[in-house]
Amino acid sequence: MVTKHEIGTRERIVRTTSRLMQRQGYGATGLKEISREAEATLGSVYHFFPGGKRELAVEAIRHGDKEFAEALAAWFDRVDDPGAAVIACTLELAAGLRESGWLDGCPITTAALESAGHEPDIQRAAEQAYENWRALVRDKLLRSGFTEDVARELAHTVINTLEGAELSAQVSQSEEPLEIAGRHLARLIDSYR
């Protein structure tokens, strides 16, 4: 694991913002808190992000997007069968949630929801993240022999279901919503073979 001081100041600020927004949202995450948690001066925050909090939030969402995309790609690379890969994904998401004390759900959902309609830059970054994740699922399905139309629609269903199941797991502080979602998504995927 990389420690805070093994990465540059800008990256520390972005990662800290991503984690804070994941846990408490855009509105509740202040620049002073980011500065303190990232062990960076407030001047450094403004130096790297002259557009302020909004610019930093967009970059934090991009970081969360990349982080989850890398995890999703790794699960898909480890497991050949797409249904089994989705089950592996949900089990690992559930374990990660439990280990975080039910705090670390989707890295962008909270910020995306509270910014909808009044923070278009944040909303666009969140939509791009969802599109990136859907593309990973779609590509896995295409490599597994699914048609383009079926793969595209199943990819939407997989990402939408994972988002809802992860939120439900956080609220109920139970792995069960993700476990159930994984099993049912695998059955759905298998039904199109």
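Quick caveat: nothing in here was measured; it's all calculated off a predicted structure.

**Quick word on the side chain of S115**
- Summarising the element assignment, S115 is placed in helix α6 (residues 109-115).
- Classification of S115 as buried rests on a relative accessible area of 1%.
- Those residues in contact with S115, other than ones at most four positions away along the chain, are I122 and Q123.

**So, unusual backbone geometry**
- Located in the positive-phi region is E39, a residue other than glycine, with phi close to 55°.
- In this fold, E39 is placed in the loop between α2 (31-38) and α3 (42-48).
- A positive phi angle, near 50°, is found at Q173, a position not held by glycine.
- Take Q173: it is sitting in the loop between α8 (148-172) and α9 (176-191).
- Residue classification places Q173 among the exposed positions, given a relative accessible area of 52%.

Conventions and cut-offs
- Residues numbered from 1 in each chain as written.
- Predicted model: local features only at pLDDT ≥ 70, side-chain atom pairs only at ≥ 80, totals over all residues.
- Heavy atoms only, no water.
- Helix = DSSP H or I, 4+ residues; strand = E, 2+ residues; numbered from the N terminus.
- Buried < 20%, exposed > 50% of the residue type's maximum accessible area, 1.4 Å probe, protein only.
- Contact = heavy atoms within 4.5 Å.

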